[in-house]
Amino acid sequence: MKCVDVEMLELPQLLQEMERYAVAHDVPILNENGRRYYAQFIREAQPHRILELGTAIGYSALLALSLAPSNCVVDTVELSPERYAEAQANFARTTYGKRITQYLGDAGEVAARLAQEGRTYDFIFLDAAKAQYPDYFRKVTPMLEPDGTIVADNVLFRGYVHHPVMMPRRFETIVQRLQEYLKLVQTPPYETEIFPRGDGLARTRVRREGGTI
Ligand code: SAM
């Protein structure tokens, strides 16, 4: 029998290691400001079922589980087989990994499949292809529980979304789609707060009848 020796690490130690790895290998995980906001959103929402589009090496999934209730689970989607495998290896290094289900594939396609299967989530994190955010939003909203939260990273995209002056042409589509996304999430019944530090995070919730979120 082959014995696989997986080193079980304390989560803060693993997260720090992943932060260093991301810097050294240019992996775009949540930046320092993004982490702070994301941690605050998870603490406030106390979610039980998280859907994440854009796993990368698994940093934000583990950060969320470190702050969520102990029965919280994460479904996370990644397009790149290499990143999927790196995340899988990281998840295997902590007991939190048992509560994470990974999907390899296009986030929009996987989200549509999960919706068809009748899945629901109380916290959804959009962090895959920025130009696809409007499409992701349309696909994930049927799965959002009534008091749920949708968080999207990079919504201000280097400041160009609000100030597209001197913007390189290659960013035009991304910026237009992010502008479209911000319109969608600010149209009732949705209400959105934008946290401008970092690359811009948007937190969206459904306005309750006769009240505020
Ligand atoms: N959420 C991660 C974190 O903070 O630890 C960072 C995710 S990173 C910003 C975006 C990831 O989305 C990349 O790993 C990229 O390979 C993946 N991605 C890009 N396009 C995608 C798509 N169409 N479907 C699924 N994943 C995609």
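Everything below is about the structure shown above.
Below, the structure is looked at part by part. Numbers given to residues run from 1 along each chain, matching the order in which its sequence is written. Only residues with pLDDT of 70 or above have their local features reported here, since the model is predicted, and side-chain atom pairs are shown and tallied only from 80 upward, although totals for entire chains, interfaces and linings are computed over all residues. Only hydrogens and water are set aside when side-chain values are computed; all heavy atoms of the structure are taken into account.

### Description of the packing of aromatic side chains
Two aromatic rings, drawn from Phe, Tyr or Trp (for Trp, its six-membered ring), form a pair once their centres lie within 6.5 Å of each other, and the interplanar angle then sorts them: stacked below 30 degrees, edge-to-face above 60, tilted otherwise. Following the criterion strictly, the structure yields eleven aromatic pairs and no others. Ring centres of F137 and Y181 lie 5.7 Å apart, and the angle between their planes is 90°; this geometry places the pair in the edge-to-face category. One end of the pair, F137, is in helix α6 (residues 133-140); the other, Y181, is in helix α7 (residues 172-184), and 44 residues separate them in sequence. Through successive ring pairs, a cluster of aromatic residues spans Y133, Y136, F137, Y181 and Y190. Helix and strand labels come from DSSP, where a helix needs a run of H or I of at least four residues and a strand needs a run of E of at least two; each type is numbered from the N terminus.

### Some details on the site of the ligand
Near the ligand lie 19 residues; those nearest to it are G54, S60, E78, A107 and D127. The contact in question runs from an oxygen atom of the ligand to an N or O atom on the side chain of R83, over 3.0 Å. Polar contact is the term for a pair of N or O atoms within 3.5 Å; when the atoms are in protein, one must be able to donate a hydrogen and the other to accept it, and sequence-neighboring residues count only if both atoms are side-chain atoms. At 2.8 Å, a backbone N or O of A107 approaches a nitrogen atom of the ligand. Taking 600 Å² as the accessible area of the ligand by itself, protein coverage stands at 89%. A 1.4 Å probe that fits but cannot get out identifies a cavity on a 1 Å grid over protein atoms alone, an open set with protein on both sides within 12 Å along at least five of seven lines counts as a pocket, and a residue lines either if it has an atom within 4 Å of a point. The rule for placing a molecule in a cavity or pocket is simple: more than half of its atoms must lie within 2 Å of the grid points. Most atoms of the ligand, that is more than half of them, are within 2 Å of grid points of the largest pocket. Amino acid classes used here: Ala, Val, Leu, Ile, Met, Phe, Trp, Tyr, Cys and Pro are nonpolar; Asp, Glu, Lys and Arg are charged; the rest, including Gly, are polar. Here the shell around the ligand is built from residues that sort into eleven nonpolar, four polar and four charged. For each residue, the test is whether any non-hydrogen atom lies within 4 Å of the molecule or strand; if one does, the residue is near. All accessible areas in this document rest on Shrake-Rupley with a 1.4 Å probe, and a residue is counted as covered only by the protein chains that are shown.

### Overview of the nonpolar core
Think of a nonpolar core as a cluster: buried Ala, Val, Leu, Ile, Met, Phe, Trp, Tyr and Cys residues, connected wherever their side-chain atoms sit within 4.5 Å. Whether a residue is buried, partly exposed or exposed follows from its accessible area with a 1.4 Å probe, protein chains only, as a fraction of its type maximum: under 20%, in between, or over 50%, in that order. In this structure, Y38, I42, L62 and F123 are the most contacted members of the largest nonpolar core, which totals 35 residues. At the level of elements, α1 (11-25), α2 (32-45), α3 (59-67), α4 (81-91) and β4 (121-126) are the ones that each hand at least two residues to this core. If we ignore the near neighbours within four places in the chain, the residues touching L62 are L11, L14, L15, M18, F91, T94, Y96 and I100. Counting 33 residues, the second largest nonpolar core, distinct from the first, contains L114, M143, L144 and L182. Throughout, a contact is declared for two residues whenever any of their heavy atoms are within 4.5 Å.

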